[in-house]
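Chain residues, written in single-letter form:
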Amino acid sequence: MAVLAGSRLECVRGKDAFTIDAAGIAALARGRAGVLLDIGTGDGRYPLQVARTRPDWLVIGLDACREGLREGSRRAPRGGNAIFVIANALALPPALAGLATRVTINFPWGSLLAGLLDDDAALLDGLRAVSRPGAALDCRLNGGALAEAGWSLGEGGARVRQVLRGAGFGDAAGGGPLELDAAALRACPSTWARRLAHGRDPRAVCLHAVRQG
Ligand SMILES: C[S@@+](CC[C@H](N)C(=O)[O-])C[C@H]1O[C@@H](n2cnc3c(N)ncnc32)[C@H](O)[C@@H]1O
């Protein structure tokens, strides 16, 4: 069973910090067409883009690093459909349980990437706990981060796909790993995707999975 840490969500909006409890986040999610949880969101550019284009969705950007979140959260749309949560992905807050209809993990590094490669139960149980049955999970992995962790792009992608499958996230219909080149990275609305597109190793792979019921 998932063990999710902390009963309240620690949130930031610019320089302001506040907390939301499970009832508060459930109220924000109620009646929405979908709820996106972007894990390891960095400056939150990706969820902000979704929040702007899908005002009927609630988007949640989550990262362990407060500084990056401060900058991005300042640009959240006024409609209140984007929130930014400080948390460790290896100890996801229980207030997020069963909320997400879509989870994204874009270009993880550090303990987030290691957790995916090492089949860390704390991370995988948490991912399952926050996702509704049928939720989509998109995971984009870049060649440089995988190389630093000792994996080639192909083998690292295959390993994470295997780990996700074992955790109950099967391949989405028609969705094997999709290789991303510089053009595909430029089209991805995340800060790290743009950096990679213009860097020395503009290669990545995108895994599309679905949480089994
Ligand atoms: C390369 S950046 C990618 C940021 C963003 N997803 C993007 O595409 O621009 C990796 C992010 O993963 C976050 N991260 C790494 N380990 C984490 C963990 N255990 N929990 C939460 N975030 C983590 C880092 O703080 C960093 O912001």
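Residues numbered from 1 in each chain as written. Predicted model: local features only at pLDDT ≥ 70, side-chain atom pairs only at ≥ 80, totals over all residues. Heavy atoms only, no water.

**Student:** I would appreciate a short explanation of the overall build of the protein in the present structure.
**Tutor:** On a plain count of helices and strands, the protein comes out with 9 helices and 10 strands. The C-alpha radius of gyration of the protein comes to 16 Å, within 12% of the 17 Å expected for a compact globule of 213 residues. Projected onto its principal axes, the C-alpha coordinates of the protein cover approximately 40 × 40 × 30 Å. Burial statistics for the protein: of 213 residues in total, 48% are counted as buried. The contacts of the protein with a sequence gap of at least 6 include a subset with a gap of at least 24, amounting to 71%. Summed over all atoms, the accessible surface of the protein reaches about 9500 Å², with 52% contributed by carbon and sulfur. The averaged location of the 20 negative side-chain charges in the protein is 7 Å from the averaged location of its 26 positive side-chain charges. (Helix = DSSP H or I, 4+ residues; strand = E, 2+ residues; numbered from the N terminus. Rg over C-alpha atoms; globule rule 2.2 N^0.38 Å. Buried < 20%, exposed > 50% of the residue type's maximum accessible area, 1.4 Å probe, protein only. Contact = heavy atoms within 4.5 Å. Areas by Shrake-Rupley, 256 points an atom, 1.4 Å probe, with all protein chains shown as cover. Lys, Arg positive; Asp, Glu negative; His and termini not counted. Charge placed at Lys NZ, Arg CZ, Asp CG, Glu CD.)

**Student:** Just to check I follow, could you spell out the pattern of salt bridges for this structure?
**Tutor:** Where charged atoms of side chains with opposite charge meet at close range, the side chains can pair. Scanning the model with the defined rule gives 11 salt bridges in all. A salt bridge links E10 to R66; the nearest nitrogen and oxygen atoms lie 2.7 Å apart. Taken together, the positions of E10 in strand 1 (residues 8-13) and R66 in helix 3 (residues 66-73) put the pair 56 residues apart, joining distant regions of the chain. Classification of E10 by relative accessible area gives partly exposed; the value is 33%. (Salt bridge = Lys/Arg side-chain N within 4 Å of Asp/Glu carboxyl O.)

**Student:** Help me understand the layout of surface pockets, please; the structure alone is not making it clear to me.
**Tutor:** In this approach, a probe sized like a water molecule rolls over the atoms, and the result shows the empty space that is left. What the largest pocket holds in volume is close to 580 Å³. Residue assignment for the lining of the largest pocket shows that the elements contributing at least two residues are strand 3 (34-39), helix 2 (45-53), strand 4 (57-63), helix 3, helix 4 (110-117) and helix 9 (191-197). Its residues assigned to classes, the lining of the largest pocket comprises 14 nonpolar, 10 polar and 5 charged. (1 Å grid on protein atoms, 1.4 Å probe; cavity = no way out; pocket = protein on both sides within 12 Å on 5 of 7 lines; lining within 4 Å. Points joined across faces, edges and corners; volume = space filled by probe spheres on them. Nonpolar A, V, L, I, M, F, W, Y, C, P; charged D, E, K, R; others polar.)

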